[in-house]
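What follows is each chain in one-letter form.
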Amino acid sequence: MKMLRYLLVVTLVIALTVEGHLLGERKGKDKADVRHDHPELDWWERAVLYQIYPRSFMDSDGDGIGDLNGITSRLPHLQEAGVYATWLSPIFASPMKDFGYDISDFKSINPEYGTMEDFEQLLHEARRLHIRLILDFVPNHTSDLHEWFIKDEEGDPNYADYYVWRDGIMVDGVRMPPNNWLSVFHGSAWTWSEKRQKFYLHQFAKEQPDLNFENPKVVAEMTDVLKFWLDKGIDGFRVDAINHLFEDPSFADNPPNRDIYDPMDYDHFDTIYSKDLPKSYQQVYDWRKYLDTYAEEHQTDTKVLLTEAYTNIENTMKWHVSEDRTQKGAHFSFNFQLIFLKTLPDELPAADVKAAIDEWLEHLPEGFQANWVLGNHDRPRVASRFGTDLVDNMNILVQTLPGVAVTYYGEEIGMEDFRGISWEDTQDPQACGSNETVYQQYTRDPVRTPMQWDNSLNAGFSTYANPWLPVHPDYTQNNLAQQKVTERSTFKLYQELVKLRIDHALEYGDYKSEALSNGVFAYSRMMEGHDDCLVVALNFASTEATVDLTPVLREASKAEGLVELSASKSVHRRDDVINLKSLVLQPHDGVIIRVESSATTIFVSTFALVFVVLKAIL
């Protein structure tokens, strides 16, 4: 009997050791597990990239406009959220006709935002907090107040053809633009210059003349802009509107897409001669080589190049690598698949979500990292597109899919568009170029309202009575401070999601997905050779659903799992036991389940059995 007891005690110790190891793994998921043979991910490959729209983030001096010192003061928020990479929309000198995308000096700070010393302090503080800093790079155009445009328009030979100039066409004695190209901001993409006696091209506002990248001097000037900011110590660039960089030298008319001409509709024409041209891709490959060489010569971490282009998926993938794969381009090109999903009042079909994700992953060149974007300064916010009840699910989605997660400021608390901004108070040039009747179709102001920090004046954004844009009136109920003290909130879930991303199932794991019903989308993430996997189940419908998760499991025999995280209003709580064959999801519910492998289950079952037997004998 003594020997039997001794053997059982030894077995119990072993079982407890195993159990302790397993529990330790579960409770210590915020600590990196290095047991894998995959190449270590580069800093940007595991990033959550947080976009800051400087004008709306934090006002430090009470003038109603966000600024660099305001951003610096709020960097601890990024750290608290777990974010260690941020991209700033343009901060450069600008007359603000397009709020920073009309740049008058690429190497100076917009005075409304601060000084170069303020920027350097921001960069220093970001470094102290281990936050990477990425700047917007706007190469397609400048402000019409830029020195280059002024001198080119005046005929200075040193700046000849820095911009795109063309003669007009005489029609019945009236001078007309050289072709039918339209501006993204409505109307003709050509404006007549009395000084130059030619038309100049502007694919955006008339105050934003297009640079001529056929001119080697322009290429050199813009590459020097990259060097200037790299020398300051930034970590890379998001390249704006890159597919507009070159034009077909024929300057032929774009063919129509629609029968009825509408000068307000940019999409009326198929822009085959004014956008997505091969030379634009080559320029990105050249800039990628420049950044790689810079990092190597200066012995720095990777300097990233991220491209923005609204185009079809085939064109988008070309930004990553040349067709013969001899030249690398963007580290990633922003993925707008989720942005273009159906919006309210329609419900979001799970099959549509799966199709959008699959299309991106299937087209992505081998060896490149995916990325997932829910919103930005140009598109309606998640809460306004899909409804406030789906904000948590959409955050769960982008944080657990394979690749980089991109967060637009305010999405971590579920901010909504403010559609109450009047025509008189509208600032956006895209809307101002329309009229009072249709401006709501074009305005981007509602998605750029100030960050909602707390329930004080102007949501804690500014002490000025009337900020540059009004704060959303719901800030008294929906703000960061309130969500930080609430037991369960969108922000607290966001924090936990970012922490979970270091789990190797999410960093390196395979991805398998299914639309389990009209509303429920589910997928698993599992790393070969590891003990468990993560299963994500998201109900996008406004009705309850009961689903069987085994179609996304590697081991279909598994019957149970434990809740890792769940939506802030979910009935499921952490460590709840879930029946994988019959999971009940409430409307708009979302849950992440940890499913242990068979080996893990055997260990735990052994421990339970030994414990029962030992208790009976002793």
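Residues numbered from 1 in each chain as written. Predicted model: local features only at pLDDT ≥ 70, side-chain atom pairs only at ≥ 80, totals over all residues. Heavy atoms only, no water.

**Points about the sheet that holds strand 23 (residues 590–596)**
By definition, the strands of a sheet pair up through backbone hydrogen bonds, in either a parallel or an antiparallel sense. Taken together, 6 strands build an open sheet; the order of strands is 16-17-18-23-20-21 and the sheet is antiparallel. Two strands in the sheet have a free side with no partner beyond their single neighbour: strand 16 (510–515) and strand 21 (577–579). Sheet twist, expressed as the average angle between the axes of neighbouring strands with direction ignored, equals 30 degrees. Docked against the sheet, helix 15 (residues 490–500) engages strand 18 (532–539), strand 20 (560–566) and strand 23, running at close to 120 degrees with respect to strand 20. (Pairing = 2+ DSSP bridges. Helix = DSSP H or I, 4+ residues; strand = E, 2+ residues; numbered from the N terminus. Axes fitted to C-alpha atoms, helices over the stretch in contact; angles between N-to-C directions. Contact = heavy atoms within 4.5 Å.)

**Side note on a nonpolar patch on the surface**
On the surface, a nonpolar cluster with roughly 310 Å² of combined accessible area is contributed by I169, V171, V174 and M176. When residues of the nonpolar patch are traced back to their parent elements, those giving at least two are strand 7 (169–171) and strand 8 (174–176). One can find V174 in strand 8. On the basis of relative accessible area, V174 is assigned to the partly exposed category, the value being 44%. (Patch = residues over 30% accessible without salt bridge, like charges linked within 9 Å, V, L, I, M, F, W, Y side chains within 5 Å. Areas by Shrake-Rupley, 256 points an atom, 1.4 Å probe, with all protein chains shown as cover. Salt bridge = Lys/Arg side-chain N within 4 Å of Asp/Glu carboxyl O. Buried < 20%, exposed > 50% of the residue type's maximum accessible area, 1.4 Å probe, protein only.)

**Let's talk about the pairing of strand 18**
Residues in a regular strand project their side chains so that they alternate between the two faces of the sheet. Extensive coverage of strand 18 is indicated by the burial of 8 of its 8 residues. Of the two faces of strand 18, the one lined by D532, L534, V536 and L538 and the one lined by C533, V535, A537 and N539 are each fully buried. Bridge count for strand 17 (residues 520–526) against strand 18 is 7 bridges, and the pairing is antiparallel. Residue pairing across strands places S524 opposite V535, the latter belonging to strand 18. Counted between consecutive antiparallel strands, the loop separating strand 17 from strand 18 contains 5 residues, among which G529 sits at a positive phi close to 90 degrees. Inspection of the sheet shows strand 18 paired to strand 23 by 7 bridges, in the antiparallel sense.

**A short note on the UniProt feature "domain: Glycosyl hydrolase family 13 catalytic" (unreviewed entry) in the chain**
Per the UniProt record, "domain: Glycosyl hydrolase family 13 catalytic" (unreviewed entry) is annotated on residues 51–448. Helix and strand shares over residues 51–448 are 30% and 13% respectively, and the end C-alpha atoms of the span are 12 Å apart. (UniProt positions renumbered as here; feature names shortened; annotations may be inferred.)

**Focus on the pairing of strand 10 (residues 198–201)**
Alignment of strand 6 (residues 165–166) against strand 10, held across 2 bridges, turns out to be antiparallel. Across the sheet, W165 pairs through a bridge with Y200, a residue of strand 10. Sheet topology note: the strand 9 (residues 190–193)/strand 10 ladder contains 4 bridges and is antiparallel. Pairing of W192 across the sheet is with F199, part of strand 10. Taking the residues between adjacent antiparallel strands as the criterion, strand 9 and strand 10 are bridged by 4 residues, where Q197 takes a positive phi near 60 degrees.

**Observations concerning the domain arrangement of the chain**
Accessible area lost upon the coming together of the parts is a frequently used measure of interface size. Looking at the chain, the domain boundaries give domain 1 (48–140 + 216–241 + 279–492), domain 2 (147–201) and domain 3 (510–602). Between domain 1 and domain 3, the C-alpha centre-to-centre distance is 31 Å. Taken together, the 24 residues of domain 1 in the interface contact 28 residues of domain 3. Counting the surface lost from both domain 1 and domain 3, the interface buries some 2100 Å², and carbon and sulfur atoms represent 56% of this. Residues R573 and E487 are paired through a salt bridge, measuring 3.9 Å at the closest nitrogen-oxygen approach. The interface formed by domain 1 and domain 3 includes 14 residue pairs in polar contact (both at pLDDT 80 or more). Counting only elements with at least two residues in the side of domain 1 that touches domain 3, the list comes to helix 9 (350–363) and helix 11 (391–400). By residue class, the composition of the side of domain 1 that touches domain 3 is 13 nonpolar, 4 polar and 7 charged. (Domains from an automatic or database assignment. Buried area = accessible area lost by both parts, 1.4 Å probe. Polar contact = N/O pair within 3.5 Å; in protein donor to acceptor, adjacent residues only side chain to side chain. Nonpolar A, V, L, I, M, F, W, Y, C, P; charged D, E, K, R; others polar.)

**A closer look at helix 4 (residues 116–128)**
In a regular helix each residue adds 1.5 Å, so 13 residues correspond to 18 Å; helix 4 covers 18 Å between its end C-alpha atoms and thus fits that length. For helix 4, every residue scored as buried is listed here: M116, D118, F119, L122, L123, E125 and A126. Contact partners of the buried residues in helix 4: helix 3 (68–81), strand 2 (85–88), strand 4 (105–109), strand 5 (132–137) and helix 6 (216–232). H130 sits one or two positions beyond helix 4 and adopts a positive phi of about 60 degrees. (Expected span 1.5 Å × (residues − 1).)

**So, the sheet that holds strand 6**
The strand order across the open sheet formed by 3 strands is 6-10-9, and the pairing between neighbours is antiparallel. At either margin of the open sheet sits one strand with a lone partner, and together these are strand 6 and strand 9.

**Looking at the packing of helix 3 against helix 4**
Between two packed helices, both the angle of their axes relative to each other and the distance between the axes serve to describe the pair. The geometry of helix 3 relative to helix 4 is characterised by a closest axis approach of 9 Å and an angle of 15 degrees between their N-to-C directions. Compared by their axis directions, helix 3 and helix 4 come out roughly parallel. Of the two elements, helix 3 crosses helix 4, and the hand of that crossing is left-handed. In this structure, helix 3 contributes L68, N69, I71, T72 and L75 to the contact, and helix 4 contributes D118, F119, L122, E125 and A126. Here the residues of the contact of helix 3 with helix 4 sort into 6 nonpolar, 2 polar and 2 charged. (Parallel < 35°, antiparallel > 145°, perpendicular 65-115°, else oblique. Left-handed = near helix turned anticlockwise from the far one by under 90°.)

**Concerning the packing of helix 4 against helix 6**
The interhelical angle for the contact between helix 4 and helix 6, taken along N-to-C directions, is 55 degrees, at an axis separation of 11 Å. It follows that helix 4 is oblique to helix 6 by the angle criterion. Judged by residue contacts, M116, F119, E120 and L123 of helix 4 engage F228, W229 and K232 from helix 6. Partitioning the contact of helix 4 with helix 6 into residue classes produces 5 nonpolar, no polar and 2 charged.

**Focus on the nonpolar core**
Counting residues in each nonpolar core, the largest one holds 82 residues, and the members touching the most others are F119, M222 and W229. Residue contributions to this core reach at least three from each of two domains, namely domain 1 (48–140 + 216–241 + 279–492) and domain 2 (147–201). Those residues within four positions of F119 in sequence are excluded, and the remaining contacts are L68, I91, I109, L133, L135, W229, K232 and I234. Counting residues in hydrophobic clusters, the runner-up holds 40 residues, among them M317, L348, F386 and L534. (Core = buried A, V, L, I, M, F, W, Y, C linked by side-chain atoms within 4.5 Å.)

**Description of the pattern of salt bridges**
All chains considered together, the criterion is met by 36 salt bridges. Where D358 meets K354, a salt bridge forms, and the shortest distance between an N and an O atom there is 2.9 Å. Placement of the pair is D358 and K354 together in helix 9, with a separation of 4 residues, close to one helical turn. Residue R419 pairs with D417 through a salt bridge whose shortest N-O separation is 3.8 Å. Using a relative accessible area of 37% as the deciding quantity, one classes R419 as partly exposed. Overlapping salt bridges, with partners in common, bring together D98, D378, D428, R444 and R448 in one network.

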